[in-house]
Amino acid sequence: MTGRAARGRRATAAALVALLAALIVAGALGSVRIPPADVVKILLNRLGADFPATWPRTWEAILWDVRFPRVAMGALVGMGLSVAGAAYQGLFRNPLADPSVIGASAGSSLGAAVAIAFLEGVALLPGAWRLGPVPLFAFCGGVAAVLLVFRLATAGRQTSTVSLLLAGMVVSTIAGSLVSLIMYLTDSQARDAIVFWLMGGLSGANWWKVAWLLPYLAAGLGILLWHGRELNAFLLGEEAALSMGVDVERLKRRILGAGSLLTAAAVAFCGIISFVGLIVPHLVRLLAGPDHRWLLPASAVTGALVLVAADTVARSLPWFSELPVGLVMSLVGGPVFLVILRRQLLPRP
């Protein structure tokens, strides 16, 4: 095993251990405190163990109907945003790239605003798979925005990364303006709902939403993890990657398509959660190095850890009933990124 591989494995293993601890703590904390030992026993009983039930039945309901779906949603969303951010930073060779860079988040926001303002309360699927219009419209809005950016940035068979960034900025600005217009024209109740959605949160998580989200994240993560070695070639530039036998244009489409799928799916169910896809890849590079074969899986585990921890803090602060996790990530992520920027990106005197 090379030193780089050993470093990546150690970072991933450490993040996995920390994630397991965070999952237990997230299950234990809340308005009803559950001892961590009982959280572990209840979880193991669900997996086939046979510990005697010395705890109230309500604790099992709290864990399986309220807390664990939320934890699972947070872990999946953290994985998706972090891996998308790491892949985009490698593809664009830009340390400031994040999952929203080509318009997926802005398009999802516009789709969600339209659904909240005009279609709230409409059920699109019956029964256990009941789906309101907000997640569907948000997902479709994110995908549509990315397709528009691709269309604007593609000339013939070539897609310039600079053009993608510029087109993404323009589309995001237009989508943001349309969201503001909808908020201006709609009533105060819908306006408040749009603002709350834009803050990002996991409060509405349940198992069927996790089931809806899982296949999109599995597909996007699988594609990005598969192309880790080719992303390494991009660090040397497109011409160097082409000389190494990488099909540059096809790789761009796959990476951007998979990253956009992850972003649109995450934002559709949880709203805008900033800084996860920007900060986590930088933190992981400090531990695992720049090799995308290890950077991507380590970012997935670390992203899950960061978002689960942030959501646990958001719903456990004693002076608030519950803060949106997107707000917590923005308040904490900004200063953390400034520290990383100072230590890693700015030249030292």
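So, a few notes on the structure that sits alongside this text. Keep in mind it's a predicted model, so treat the numbers as computed, not measured. (Residues numbered from 1 in each chain as written. Predicted model: local features only at pLDDT ≥ 70, side-chain atom pairs only at ≥ 80, totals over all residues. Heavy atoms only, no water.)

**Focus on the side chain of Thr263**
Here comes step 1: Structurally, Thr263 is set in helix α11 (residues 248-270).
Here comes step 2: Thr263 sits in the buried class, given a relative accessible area of 0%.
Here comes step 3: Among residues more than four places away in sequence, those in contact with Thr263 are Leu81, Ala84, Pro99, Ala104 and Ser105. (Helix = DSSP H or I, 4+ residues; strand = E, 2+ residues; numbered from the N terminus. Buried < 20%, exposed > 50% of the residue type's maximum accessible area, 1.4 Å probe, protein only. Contact = heavy atoms within 4.5 Å.)

**A few points about the packing of aromatic side chains**
Here comes step 1: Following the criterion strictly, the structure yields four aromatic pairs and no others.
Here comes step 2: When the ring of Tyr88 is compared with that of Phe92, the centres are 6.1 Å apart and the planes differ by 75 degrees; the resulting orientation is edge-to-face. With Tyr88 and Phe92 both in helix α3 (residues 57-92) and four residues apart, this pair spans about one turn of that helix. Accessibility assignment for this pair places Tyr88 and Phe92 in one class, buried.
Here comes step 3: Through a chain of ring-to-ring contacts, three or more aromatic side chains come together here, namely Trp64, Phe68 and Trp207. (Phe/Tyr/Trp six-rings, centres within 6.5 Å; stacked < 30°, edge-to-face > 60°.)

**Here we look at helix α4 (residues 104-118)**
Here comes step 1: An ideal rise of 1.5 Å per residue puts 21 Å on 15 residues; α4 measures up with 21 Å between its terminal C-alpha atoms.
Here comes step 2: With 12 of 15 residues buried, α4 is to be regarded as a mostly interior element.
Here comes step 3: Listed in full, the buried residues belonging to α4 are Ala104, Ser105, Ala106, Gly107, Ser108, Ser109, Gly111, Ala112, Ala113, Ala115, Ile116 and Ala117.
Here comes step 4: Tucked inside the fold, the buried residues of α4 contact α5 (133-153), α6 (161-185), α7 (188-199) and α11. (Expected span 1.5 Å × (residues − 1).)

**As for a nonpolar patch on the surface**
Here comes step 1: Taken together, Val162, Leu166, Met169, Val170, Ile174, Leu178, Leu181, Tyr184 and Leu185 make up a surface patch of nonpolar side chains, about 940 Å² in accessible area.
Here comes step 2: Inspection of the secondary structure assignment puts Leu178 in helix α6. (Patch = residues over 30% accessible without salt bridge, like charges linked within 9 Å, V, L, I, M, F, W, Y side chains within 5 Å. Areas by Shrake-Rupley, 256 points an atom, 1.4 Å probe, with all protein chains shown as cover. Salt bridge = Lys/Arg side-chain N within 4 Å of Asp/Glu carboxyl O.)

**Let's talk about the environment of Ala310**
Here comes step 1: Among the secondary structure elements, Ala310 is positioned in helix α13 (residues 292-314).
Here comes step 2: In this structure Ala310 comes out as buried when scored by relative accessible area, which is 8%.
Here comes step 3: With 284 residues separating them along the chain, Ala310 and Ala26 place their C-alpha atoms 9.9 Å apart.
Here comes step 4: Each residue touching Ala310, except ones within four places of it in the same chain, is listed here: Val325, Val328 and Met329.

**Some details on the nonpolar core**
Here comes step 1: With 80 residues, the main nonpolar core has Met73, Val77, Ile102 and Ile273 as its most contacted residues.
Here comes step 2: Tallying contributions element by element places α11 first for this core, with 13 residues.
Here comes step 3: Setting aside residues no more than four positions away along its own chain, Val77 makes contact with Leu213, Leu217, Ala266, Cys270, Ile273 and Leu307.
Here comes step 4: In terms of nonpolar packing, the next biggest core, distinct from the first, is built from 10 residues, Ala15, Ala304, Leu305 and Val308 among them. (Core = buried A, V, L, I, M, F, W, Y, C linked by side-chain atoms within 4.5 Å.)

**Section: empty space enclosed by the protein**
Here comes step 1: Taken as a whole and assessed by the stated rule, the structure comprises one cavity of 30 Å³ or more.
Here comes step 2: Looking at the largest cavity, its volume works out to about 30 Å³.
Here comes step 3: Residue lining of the largest cavity: His227, Glu230, Asp247, Arg250, Leu251 and Arg254, and that is the complete set.
Here comes step 4: Looking at which element gives the most residues to the lining of the largest cavity, the answer is α11, with three residues.
Here comes step 5: In the lining of the largest cavity, the residues fall into one nonpolar, one polar and four charged. (1 Å grid on protein atoms, 1.4 Å probe; cavity = no way out; pocket = protein on both sides within 12 Å on 5 of 7 lines; lining within 4 Å. Points joined across faces, edges and corners; volume = space filled by probe spheres on them. Nonpolar A, V, L, I, M, F, W, Y, C, P; charged D, E, K, R; others polar.)

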